[in-house]
Structures are given as structure tokens and as C-alpha cells.
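A structural walkthrough
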Amino acid sequence: MRKPELLAPAGNLEKLQMAVRYGADAVYLGGKSFGLRAFADNFEIAEMKEGIQFAHERGVRVYVTVNIFPHNADLNALPSYLETLRKIGADALLVSDPGVIKIAQETVPDLPLHLSTQANNVNWASAQFWAEHGVKRIVLARELSLPEIKEIRVHTTVELEVFVHGAMCIAYSGRCLLSNYLAGRDANRGECAHPCRWRYALVEEKRPGQFYPVIEDERGTYIFNSRDLCLLPYLPELIKAGVDSFKIEGRMKSVHYVATVVRAYRQAIDACWPDPDQFQLNPAWMAELDKVSHRDYTTGFLFGKPTAQDQIYGNSSYRRTYDFIGLVREYNPVTRLAVVEQRGHFARGEEIEVVGPRTALFTQLLTELYDLDGQAIEAAPHPQQLVQIRVDQPVEAFDLLRRPRVMGEKGDGAGAD
């Protein structure tokens, strides 16, 4: 066995940099085409080159998604795009379509191929097939149990990657037709409208316009709405099963989400790796995962088929108990003043939390706020406004500032964090 890789999402350049700073061994990202997250910020080639350089300087690998199911017209620009990815230093391509694999092996034969979860690999025979056809790593389908993962490992030496955290899709291995049918946006080409999160009720054929809730709730029901995956407590079992890479979902998620989740899994993996049998779950890790925007957690398929308890029938909202309000840019140890970039309104008198890659979590009462000229101010109301705050403990650049959320505040939806 080797120590598993921690693989983090990078929806844009800032998120890539934060994932690297907070402990990722590798990141995955998409360009402006050929990926399955068309509505993430994604990367222009120049940004991707900058991100790859940033990651490589810190010993972190970068994998680029080329995992759409392409139509004929999509193939015309593919060879030159792949050659560009090789030129700027991508470490691997994340692919799902046999045609893309064929073109990649002809065009950039030295660039490793990782088989996407979209390819729906659920058995060892398929794993052997893809390994024999030049695939270096397989991202296993989310629908596998722990015994099935172990059995695949016994039958192949190909690298195995497993999702350990993030949103779950109603469709098998994420290959959904609902968005295309209901909204005209093809999920298999990166344009999912997430209709599985919409509210539904039952309509009887001869009673048009009469809506009947599927459960006894006048609001209707979210019948496709899965809980979010969280396997942090079960890392020892996955390590002993021979998993090579632990993958976090979330290229559409926020900087706060990426940094916080990566930090928790980094600490857990490092604690677990020396002796998985002696692993003890630190409640602080789970507390951190509860502070990002998420649905209630589930173990997915790891210990058997999900039941009704793994679905959320009453609503499609996310739990969000903390607001991300700032990012440390500089710290002066003499004055104990930190320059903070505002990411959410905060004011003097509020109690906040500070945490970072090397900064242990601590709480701070905001007693002193200043502008950059040193003039006292009461609040930081403007997006990305630079202010100074006095802190009781040393902080570092890129530490996070967050504040407990007041119940009933606006912005509890999925896009907020």
C-alpha cells in the first residue's frame, strides 16, 4: 500500500490555490470546453497554465477533465486541445468516452488517462479491460460497496480513485437525462440544470392541475434529493481496501468549502495512515465539515444500498451554520493587525472564528477595525474591501474568517457556500 492521494476540486484559479495551500496532493479542473461542469468558472488556457505552475512548484499534481460524451462536431478541436494540455504540463486527463480515449492515445500518448466515474466502472472485469487499454487510473462508480471495492482491488493493479465527500447524483454514475428532457440542457455535456433538486408533486392523468403531495406535506416532495456523501470516519476501511486516491466533489462550491473540507480530510488521512487499525475519529474534523454548506450526510453505497433514510423528502435546502466573511492577506506581528479581504459583511463587536492551513481554530472578538489608512471603522460592508482587524493570536495569509450564522438570515440556498 501507499499513502492515498487527497484529490480536491478546483473550479477556478483561486480555488485551486486554496486547495493546494490547505493540503491537497492533487487537484482536478476543467477548461472552457470538454468538461462536465459548464457552469463552473473553469479555466482559460492561460489560467490553467498559471494554476499548473503554482501546483507543481508545491509538489501538487493537476488533472484536467475531458469527460463529456462528445458528438462528432465536438471532436474537431479535440486533438489540438489535448496537445495544449500536454504542453502546459497537465499531469493526467480525466476521460469517459472511448472515442476521446482513442484520440488522446493517438495525440498525446505520454499523458496518463484517468477513467471518469461517468464511464460507470462497477466490476473488476471492466477494470481489467480498461487497464489493458492503457488507462492508468479508474474513478470507481459511486454505486459500489466496500466489499465490491475490495474485490476489484484483488483482481487488478490499476490505480483506484473513490469519491469520499460531496454531492450525490440521482442518476446512475451521474449519467442523467432529466436535465436534457425538462430543460434542454444536456448533463452529459456539462450543462445540468439540476432538476433532481426541484420540487415535485403527483398529478393524476384525469385530474390535470390537481397536485397531490407524495408524502403528507402540502409543500410537495423532493423525491430525488440525496444527502451528501461523507466517508471521513471510514478512511481506515478504504485505505485497507487499497484505494489510491480519495476524491472530494465540488468544482461548483466556494473557496470556504474547498479549504475547509480539504483541511479536515488532510488531517484525518495523516492521522490514519501510520496505523489505520488505531485510527481515532477526531470530533473536530466532523465539526468542521458541518460548518460548510451541505445537506445532511450519508455513507452512500459503501455499506449497502441506500434506503429512504439517505434521501431528503421535505426540502432541497442546504444546511449552513457559518458564513465565510474574510480571507487574511497580511499579518503584522508587531501591531497584531491583520489585513483582511472582506467576503461577507462583518462589523465591530461580532465574534468570529479564524482557521488556516497551519493556524489552529480560535475565536476572536472584533474589537478594533480600521481601514488601510488606520482610521477606525465600524464595519466592512463592501465586497472584497480590504480592512485591518486586531487579533489576539498570530495568523497567516490565506487563513479563513467565518461567523456563526443567525437563524433566519437570507441566503441559505445551495449557491451561498
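Heads up: the structure comes first, above all this text.
In short, a report on the structure. Given the structure is predicted, the values throughout are model-derived calculations rather than measurements.

What counts as what
- Residues numbered from 1 in each chain as written.
- Predicted model: local features only at pLDDT ≥ 70, side-chain atom pairs only at ≥ 80, totals over all residues.
- Heavy atoms only, no water.
- Helix = DSSP H or I, 4+ residues; strand = E, 2+ residues; numbered from the N terminus.
- Contact = heavy atoms within 4.5 Å.
- Areas by Shrake-Rupley, 256 points an atom, 1.4 Å probe, with all protein chains shown as cover.
- Phe/Tyr/Trp six-rings, centres within 6.5 Å; stacked < 30°, edge-to-face > 60°.
- Buried < 20%, exposed > 50% of the residue type's maximum accessible area, 1.4 Å probe, protein only.
- Lys NZ or Arg CZ within 6 Å of the ring centre and 35° of its normal.
- Pairing = 2+ DSSP bridges.
- Expected span 1.5 Å × (residues − 1).
- Polar contact = N/O pair within 3.5 Å; in protein donor to acceptor, adjacent residues only side chain to side chain.
- Salt bridge = Lys/Arg side-chain N within 4 Å of Asp/Glu carboxyl O.
- Core = buried A, V, L, I, M, F, W, Y, C linked by side-chain atoms within 4.5 Å.

Helix and strand content of the chain: 10 helices and 21 strands. When contacts within the chain are restricted to residue pairs at least 6 apart in sequence, those whose partners lie at least 24 apart make up 68%. Carbon and sulfur atoms provide 51% of the accessible area of the chain, an area that totals close to 19,100 Å².

With that settled, consider the packing of aromatic side chains. Taken as a whole and judged by the stated rule, the model has 3 aromatic pairs. When the centroid spacing of 5.1 Å and the interplanar angle of 80° are considered together, the rings of Phe129 and Trp130 count as edge-to-face. Between Tyr234 and Phe303 the ring centres are 4.9 Å apart and the planes differ by 70°, which places this aromatic pair in the edge-to-face class. Of this pair, Tyr234 sits in the loop between β10 (228-230) and α8 (235-240) while Phe303 is found in the loop between β12 (297-298) and β13 (322-332), placing the two residues 69 residues apart along the sequence. On the basis of relative accessibility, which here comes to 27%, the residue Tyr234 falls in the partly exposed class. Classification of Phe303 as partly exposed rests on a relative accessible area of 48%. The aromatic ring of Tyr257 is capped on one face by Lys253, whose charged end is 4.1 Å from the ring centroid. Above the plane of the ring of Tyr322 lies Lys291, whose end atom (NZ or CZ) is 5.0 Å from the centre.

All right, on to the pairing of strand β20 (residues 386-390) then. Sheet faces and side chains relate simply in a regular strand, where the side chains alternate between the two faces. Bridge analysis of strand β14 (residues 337-342) against β20 gives 5 bridges, and the strand direction is antiparallel. The residue bridging Val340 from the neighbouring strand is Val387, located in β20.

A few words on helix α9 (residues 255-272). Along its 18 residues, α9 runs 26 Å from first to last C-alpha, staying within 8% of the 26 Å computed at 1.5 Å per residue. Of all 18 residues that make up α9, 15 are buried, and the element is covered over most of its length. Of the residues flanking the start of α9, the one acting as N-cap is Ser254, its side-chain oxygen 3.3 Å from the backbone nitrogen of His256.

Given 3.6 residues to a turn, an α-helix orients residues that are three or four positions apart in the same direction. Counting buried residues in helix α1 (residues 13-21) gives 7 out of 9 residues, a clear majority hidden from the surface. All of the buried residues in α1 are Leu13, Lys15, Leu16, Gln17, Met18, Ala19 and Val20. For α1, the elements touching its buried residues are β1 (5-9), β2 (26-30), α2 (45-57), α9, β13 and β21 (400-404). The N-capping residue of α1, defined by a side-chain oxygen 3.2 Å from the backbone nitrogen of Glu14, is Asn12. One or two steps after α1, the chain reaches Gly23, where phi turns positive at roughly 120°.

Taken as a whole and assessed by the stated rule, the structure comprises 32 salt bridges. Arg61 is the salt-bridge partner of Glu5, the closest N and O atoms lying 3.0 Å from each other. Of this pair, Glu5 sits in strand β1 while Arg61 is found in strand β3 (residues 61-66), placing the two residues 56 residues apart along the sequence. What makes Glu5 buried here is its relative accessible area of 5%. With its nearest N and O atoms 3.7 Å apart, the salt bridge here joins Arg403 to Asp323. With Arg403 in strand β21 and Asp323 in strand β13, the pair connects residues that are 80 residues apart, well separated along the chain. Residue classification places Asp323 among the buried residues on the basis of a relative accessible area of 6%.

Turning next to the nonpolar core. In terms of nonpolar packing, the biggest core is built from 91 residues, with Val66, Leu85, Leu93, Leu232 and Tyr265 touching the most fellow members. Sorting elements by how many residues they give to this core places α9 first, with 11 residues. Beyond its immediate stretch of four places on either side in the chain, Tyr265 contacts Leu6, Val164, His165, Cys230, Leu231, Leu232, Leu235, Ile248 and Leu289. Judged by nonpolar contacts, the second largest core, of 17 residues, contains Ile325, Val340, Phe362 and Leu369.

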